[in-house]
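What the coordinates show
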Amino acid sequence: MKTLYLECNMGAAGDMLMGALYEICSEKELFLKNMNEAFAPYGITITAESSRKCGILGTHMQVLVHGEEEEAVSLPTAEHEHEEHEHSPEDAAHPNEHSHTKEHTHDDTSHHIHRDYSTILKEIQSLPLPEEVKNDAVSVYTLLGNAEAKVHQTTLNQIHFHEVGSLDALADVVGCCYLLHLIAPKEVLCSPVHVGNGFVKCAHGVLPVPAPATAELLKGIPSYTGSITSELCTPTGAALLRYFVTRFTTMPPLSVQSIGYGMGKKDFEIANCVRVFFGDNFTAENHTVSAKGDANEEDYEFPYDDSVLSISCNIDDMTGEAIGLAIEILFAAGALDVYTIPVQMKKNRPGILLTCICPPEERDKFTVLFFLHTTTRGVRYQIYERAKLESTFETRHSSYGNIRVKKSSGYGIEKEKPEFEDLKSIVMKHNCSISLEDVKKHYQ
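First, a word on scope: everything that follows refers to the structure included in this document. (Residues numbered from 1 in each chain as written. Predicted model: local features only at pLDDT ≥ 70, side-chain atom pairs only at ≥ 80, totals over all residues. Heavy atoms only, no water.)

**Notes on the overall build of the protein chain**
Where we set the bar: A run of H or I in DSSP becomes a helix once it reaches four residues, and a run of E becomes a strand once it reaches two; helices and strands are each numbered from the N terminus. Each residue gets one of three labels from its accessible area relative to the maximum for its type: buried under 20%, exposed over 50%, partly exposed in between, using a 1.4 Å probe on protein chains only. The Shrake-Rupley method, run with a 1.4 Å probe, gives the accessible areas here. Residue values count only the displayed protein chains as cover.
The number of helices and strands found in the protein chain is 11 helices and 24 strands. Evaluated residue by residue, the protein chain yields a buried proportion of 50% over its 444 residues. Only carbon and sulfur atoms are counted for the fraction: they give 51% of the accessible area of the protein chain, which is about 21500 Å².

Below, the structure is given as structure tokens:
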């Protein structure tokens, strides 16, 4: 199954997502041609520029309106406008670019034009692009409008979009929808989203990051602030993720065919980009790996049935009772397995390695349990591929009573084993006058 994985370690904005998706699209010329023709009546030109961050080469999608970048123009304030800076989040660190006091007329097309919801829908529907693309873009703007309405306690039809209603933001949204239409992944997955930290100066004053509409759109989505003082996730980026992403999780095993880097404008110590991986789910049925990569050599398969997540930490300051309680709590929460290993820690202190095995999608839940019920200040993650036999239960009759038997099969192997608790119960009922081996001999 074709899977797209979005790595949003530096947040997400419309132009960054578009740049990353553009890099893995096999129809780049068609995309640019159709997008520029569709937006020509608005004076918009879209180009893919090479950009390098921390030595990594990627793509920045430049959207010009009549030869200028819209976000560089000052904006007036108005009721129910959108507060957050759009198109590239990192510019939020420059308050001068957010002084929304300059006079503005709708006749000046180089300025932001504040559009209401119905106007944006009409503009999208007029574009000569596939219906699926336009429907997706409408749905993204509906999410944006609903978030704005919630923040301002008004209705969708009364919202006047500010930056997200500008022409460059419209091109970002439509561009991402069109690229996903061309790439056609069966599943879109995403990492937890880094939203940035600090404050951003906007039309209504100084607001915390993530700004209100962004926070509203990220409800239910794993996100975190981090240490970078800048607005990393914009409302457009959050809306696109909310609409297209099927699941937010760690990266599953993929046979990656292409990787894309969508670059922001500002430079940080960390490469300022959205990274995407595109490929097939890695399973034994559809993949073989040749030894040393030589197609003439014998192929070796790496079969597995699913993946599990291992969460672990070292502990040297908890009592045995407290560790036992933590293990019970992890099992009660649905852990697949929990175990401890004696380890020697720093300053020659004896300690234990506590490990929990769980489904990858439950990472956040079990991380919280680790921090709540142990003294650790950090945990480690590791994904393991797992091959497993399929198991079923059946009840067998014996002269001592019924005994459940677990039958396991797969990979040409068949096994069975009586349930220990049933054997133990029979021994105890007979006042320990018979042994486990005696009971095992009598079930059929």
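On we go.
**A short note on the pattern of salt bridges**
To keep things clear, this is the line we draw: Think of a salt bridge as a Lys or Arg side-chain nitrogen and an Asp or Glu carboxyl oxygen that are within 4 Å of each other.
Enumeration over the complete set of coordinates arrives at 18 salt bridges. Ionic pairing is found between D306 and R386, a salt bridge with its closest N-O pair at 2.8 Å. Taken as a pair, D306 in strand 18 (residues 306–315) and R386 in strand 21 (residues 380–386) lie far apart in primary sequence, 80 residues in all. The residue D364 makes a salt bridge to R363 at a minimum N-O spacing of 4.0 Å. Exposure remark for D364: the relative accessible area of 40% places this residue in the partly exposed category. Overall, R363 belongs to the buried group, its relative accessible area being 18%.

**Description of helix 3 (residues 117–125)**
Spelled out, the test is: The arc refers to the directions leading from the helix axis to the C-beta atoms.
Residues Y117, I120, L121, E123 and I124 constitute the buried set of helix 3. Seen from one end, helix 3 has its buried residues packed into an arc of 160°, which puts them on one side.

**Some details on the side chain of D280**
Note the cut-off: Polar contacts here mean pairs of N or O atoms no more than 3.5 Å apart (in protein, one a potential hydrogen donor and the other a potential acceptor; neighbouring residues in sequence count only if both atoms are side-chain atoms).
Turning to its location among the elements, D280 is positioned in strand 15 (residues 273–281). Here the side chain of D280 touches K2 through a polar contact of 3.5 Å, side chain to side chain.

**What about the sheet that holds strand 24 (residues 413–418)?**
Heads up, the rule is: Pairs of strands are assigned from DSSP output, requiring at least two bridges between the strands. Where helices are involved, their axes are fitted lines through C-alpha atoms of the stretch in contact, as for all axes, and angles between N-to-C directions lie from 0 to 180°.
Reading across from one edge, 22-23-24 is the order of the three strands in this open sheet, with antiparallel pairing throughout. Of all strands in the sheet, those with a lone pairing partner are strand 22 (390–398) and strand 24, marking the two edges. Between one strand axis and the next, the sheet turns by 25° as a mean value, whatever way the strands run. Pairing between strand 22 and strand 23 (residues 401–410): nine bridges, direction antiparallel. Across the sheet, residue S391 finds its bridge partner in strand 23, namely S408.

The analysis is restricted to geometry; functional conclusions fall outside its scope.
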